[in-house]
Amino acid sequence: MSQFRRRSSSFFRSYKQADLDQDDYCMDRGATAAAQNRWHFECAWEVANKVGGIYTVIKSKAPVSMEEMGEQFALIGPYNESCVRTEVELLEPHHHVMREVLDEMRAHGIKVHFGRWLIDGYPKVVLFDIGSAAWKLDEFKHEFWEKSHIGIPLHDSESNDALILGNLTAWFVTSFRNKLEGRPFVLLHCHEWLAGVALILLRMRKVEVATVFTTHATLLGRYLCAGSLDFYNNLDKFQLDKEAGDRQIYHRYCMERAAAHTSHVFTTVSEITGMEAEHLLKRKPDVITPNGLNVKKFSAIHEFQNLHAIYKEKIHDFVKGHFYGHYDFDIDKTLYVFSAGRYEFSNKGADLFIESLARLNHFLKTAGSDMTVIAFLIFPARTNNFNVESLRGQAISKQLRDTVSHIQAQIGKRLFEKALRGQIPTGEDIFIQDDVVKLKRCIYGAQRNTLPPISTHNVCDDHKDPILNALRRCQLFNNRHDRVKVIFHPEFLNSTNPLFGLDYEEFVRGCHLGVFPSYYEPWGYTPAECTVMGIPSMTSNLSGFGCFMKEYVADPKSYGIYIIDRLKQSADDSAQQLAQYMFDFTCLSRRQRIIQRNRTERLSELLDWKNLGIYYRKARSMALLRAYPDDFTEASFMLDEQERMDKSKERKVLYPKPASEPPSPSQSRASTPAVSDDDEHEPVRFDDDDNPTDDEEDLEPEADQRS
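Residues numbered from 1 in each chain as written. Predicted model: local features only at pLDDT ≥ 70, side-chain atom pairs only at ≥ 80, totals over all residues. Heavy atoms only, no water.

A. The overall build of the protein chain, seen in detail. Looking only at helices and strands, the protein chain features 27 helices and 17 strands. With 707 residues in all, the protein chain has 56% of them scored as buried. By sequence separation, contacts in the protein chain at least 24 residues apart represent 76% of the contacts at least 6 residues apart. (Helix = DSSP H or I, 4+ residues; strand = E, 2+ residues; numbered from the N terminus. Buried < 20%, exposed > 50% of the residue type's maximum accessible area, 1.4 Å probe, protein only. Contact = heavy atoms within 4.5 Å.)

This is the structure:
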């Protein structure tokens, strides 16, 4: 990280020491682990298999894991041929024990592949072909029932696959440990219930292996939140067995709960998920392991403001085509906000976002603001194809651009010819009738009698689609008089998209604000990605990211992290708060938005795996300590647990307020009322000291729109 700016390096040193008062493991690429004969395996369904958010966790964390453990570390997962073909280099293992174990499994008819994942860190991967072991499914089910009394229905293919993966992983880890020489110390870290079966089997078979189980979201929690219940205020009132049974996931719930209880160390990704797990899984997490990002991938040194300007222009091009015939707003006074994620309408807060957009539209019209907000909703849904009107708009825009470019070139030639002849050209000489006809043809062809579409695609069963129905209910139809325009893009972005021509990262960099008011979000990678790219975001206090920022940043709002309260107030009040925050954002001048982006980008190191990896190291060291109490002591890894907790409380470190923020009111001035940090009506203060000149884009003055 030496190549990155460290504006607050002293804070990060204090931050790491407060949470883990130790020098951590040596980042020596496994030299220390090899000397101690320590081996670490990490199992997840998403290893080299892009099927969920945990894929991002595993992939982005791999460089830090390899830096610490090197060749003593390997990932275990299912074999997905389509992903492996492009992401994995298949090889034969160099280590003789690994080779012997794989040969043994292949001799029993199991197709197992070894190779290197083609990502940063280049980690080893062991991938099992689930179908090759399907003939042993009945045997696996019988043993699992005998040892845990958990039965798995025949029709549940997902649970059957999880059982096969768990058995193959337990087989591999047991055989690997038994073939190692000397006194080996093996640790298996499983992510989610789909990989947790291996952990249960190892403990039931009494194999001497340390185990860690991480849940990124409880299974029952997802189902309960999807049912529009007041989930968090009724956590202690649910009849867990009945709720799981009613949703026909009782066996899955039992598998997840068994994995949580049999593991040596149980972790979750956030405090809010830890509270959920304590009530639903009946075990309090031993360690909170926040999700990080490989900041190096997203970091554009001193250039993120320039990249924002570049990609914003590309979004401008799309908007000009999409709103052809209705392009009557000032593009320089237009803000782009977006929300993205899995299509979980309520869990991801899409319902609250749309309701707040309707209120923001009212606020802007009432205030007479000349700002326009264009809101993008990027949630993948079933579609037939692109909307014809969307494609036609881009074609018309391109045709008009080409025509104007051609006329410009012709005018330039005529102007040069006249000047070369020593004549002063007039308008009729350089802008001839033929040019006027061509322009008129394009302009008249760009007229439309319909409103710009609110969706870029033809959505299947659009009369049942929650987002489209919510937009209809709020009457957000992209009318001329609306100050808030909406565009529903039911497909993930990539650079081959004929409408945008941008991948997701480029699109995020071009926007002004990300809005993610989730009701159920164990962590929240979308606002985290916005942060490391210097884009302000709005999240909720029910997301892991929001809780993390509230815990470690003294004044998140001044850094462009707006946290909506969805726990202690009604949905109507939350929508009002979100609408007010967005309205306040529209009142910022261009200079103030640039300053805020600079502040947001400063928090990127807070989310770097190089800082957050310490929590995973702490979980592993605790598991080794509990699994091998005669071989390791607290001094081997960390301070005594109670002593460490006491010191952590005494040395709580918060990311400080920006220099331009006023200090907290002194308690000695009793006549002055204290101002709460959570006062949502207090404006964010800005100062030119927060605006490095090397990060500026066009800084033309813009009047403050605040009424």
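Following the structure, the description resumes.
B. Region of interest: the sheet that holds strand β16 (residues 537–540). Read from one edge of the open sheet, six strands run β14-β11-β10-β15-β16-β17, paired in parallel fashion. For this open sheet the edge positions go to β14 (484–489) and β17 (561–564), each flanked by a neighbour on one side alone. This sheet shows a mean twist of 25° between the axes of neighbouring strands, independent of strand direction. Sheet analysis places strand β11 (residues 372–378) next to β14, joined by six bridges and oriented parallel. The partner of Ile-374 across the bridge, within β14, is Lys-485. Packed onto the sheet, helix α15 (residues 350–367) meets β10 (334–340), β11, β14 and β15 (513–515) and runs at close to 170° relative to β11. (Pairing = 2+ DSSP bridges. Axes fitted to C-alpha atoms, helices over the stretch in contact; angles between N-to-C directions.)

C. Fine view of the sheet that holds strand β6 (residues 185–191). The sheet built from nine strands is open, its strands ordered β3-β4-β5-β2-β1-β6-β7-β8-β9 with mixed pairing. Sheet topology places β3 (88–90) and β9 (287–288) at the edges, where each strand pairs with a single neighbour. Both strand β2 (residues 73–78) and strand β5 (residues 124–128) contribute to a ladder of five bridges, which runs parallel. Considered in β5, the bridge of Ala-74 is made with Lys-124. Here helix α25 (residues 609–627) sits on the sheet in contact with β1 (38–43), β6, β7 (210–215), β8 (265–268) and β9, set at roughly 140° to β7.

D. Examining the pattern of salt bridges more closely. For the coordinates displayed, the defined rule picks out 38 salt bridges. Taking the shortest distance from any N to any O, the salt bridge between Glu-67 and Arg-29 comes out at 3.7 Å. Note that Glu-67 is positioned in helix α3 (residues 54–69) and Arg-29 in the loop between α1 (9–19) and α2 (31–36), a separation of 38 residues in sequence. Among the ionic pairs, Arg-414 bridges to Asp-435, the shortest N-O distance being 2.8 Å. Taken together, the residues span a long stretch of sequence, with Arg-414 in helix α16 (residues 388–420) and Asp-435 in helix α18 (residues 433–445) at a distance of 21 residues. One salt-bridge network, held together by shared partners, links Arg-177, Arg-183, Glu-208 and Asp-631. (Salt bridge = Lys/Arg side-chain N within 4 Å of Asp/Glu carboxyl O.)

E. Just the pairing of β16, in detail. Neither face of β16 is open: one carries Ser-537 and Thr-539, the other Met-538 and Ser-540, and all of them are buried. Where β15 meets β16, two bridges bridge the pair, whose relative direction is parallel. Looking across to β16, one finds that Val-515 is bridged to Met-538. Once the chain exits β15 it traverses helix α21 (residues 525–532) before rejoining the sheet at β16, and the crossover so formed is right-handed. (Right-handed = clockwise from strand over helix to strand, strands pointing away.)

F. View of helix α7 (residues 157–179). With 23 residues, α7 extends 33 Å from end C-alpha to end C-alpha; this agrees with the ideal 33 Å at 1.5 Å per step. Counting buried positions along α7 yields 18 of 23 residues, so the element is predominantly enclosed. (Expected span 1.5 Å × (residues − 1).)

G. Layout of the nonpolar core. Ranked by internal contacts, the top residues of the largest apolar core, which has 75 residues, are Phe-41, Phe-172 and Phe-231. Tallying contributions element by element places α7 first for this core, with ten residues. If sequence neighbours within four positions are ignored, Phe-41 has contacts with Ala-74, Ile-76, Met-98, Phe-172, Phe-176, Val-186, Leu-187, Leu-188 and His-189. Residues Phe-500, Phe-516, Ala-528 and Leu-612 belong to the second largest nonpolar core, which totals 65 residues. (Core = buried A, V, L, I, M, F, W, Y, C linked by side-chain atoms within 4.5 Å.)

H. Here's a closer look at the pairing of β10. In terms of residue burial, β10 counts as a mostly covered element, since seven of its seven residues are buried. As paired strands, β10 and β11 are joined by seven bridges and run parallel to one another. Counterpart to Thr-334 in the pairing with β11 is Thr-372. Handedness of the crossover is the feature at issue here: the chain leaves β10, passes through α15, returns alongside β11, and the resulting connection is right-handed. Pairing analysis gives two bridges linking β10 to β15, with the strands arranged parallel.

I. Expanded view of the packing of aromatic side chains. In the structure shown here, the tally under the stated rule is 33 aromatic pairs. Ring centres of Tyr-232 and Tyr-519 lie 5.7 Å apart, and the angle between their planes is 65°; on these two criteria the pair is classed as edge-to-face. Of this pair, Tyr-232 sits in the loop between α9 (219–226) and α10 (240–246) while Tyr-519 sits in the loop between β15 and α21, placing them 287 residues apart in sequence. In this structure, Tyr-232 and Tyr-519 share a single accessibility class: buried. An aromatic cluster of three or more residues is present, and its members are Phe-318, Tyr-336, Phe-338, Phe-376, Phe-500, Tyr-504, Phe-507 and Phe-516. When the ring centre of Tyr-324 is taken as origin, the NZ or CZ atom of Arg-448, which lies over that ring, is 3.8 Å away. (Phe/Tyr/Trp six-rings, centres within 6.5 Å; stacked < 30°, edge-to-face > 60°. Lys NZ or Arg CZ within 6 Å of the ring centre and 35° of its normal.)

J. Layout of the packing of α9 against helix α11 (residues 250–262). One can describe the packing of α9 onto α11 by two numbers: an axis separation of 9 Å at closest approach and a directional angle of 135°. In this view, α9 runs oblique relative to α11, as classed from their interaxial angle. For the pair α9 and α11, contact is made by Leu-219, Leu-220 and Tyr-223 and by Arg-252, Tyr-253 and Glu-256, respectively. Residue classes in the contact of α9 with α11 are distributed as four nonpolar, no polar and two charged. (Parallel < 35°, antiparallel > 145°, perpendicular 65-115°, else oblique. Nonpolar A, V, L, I, M, F, W, Y, C, P; charged D, E, K, R; others polar.)

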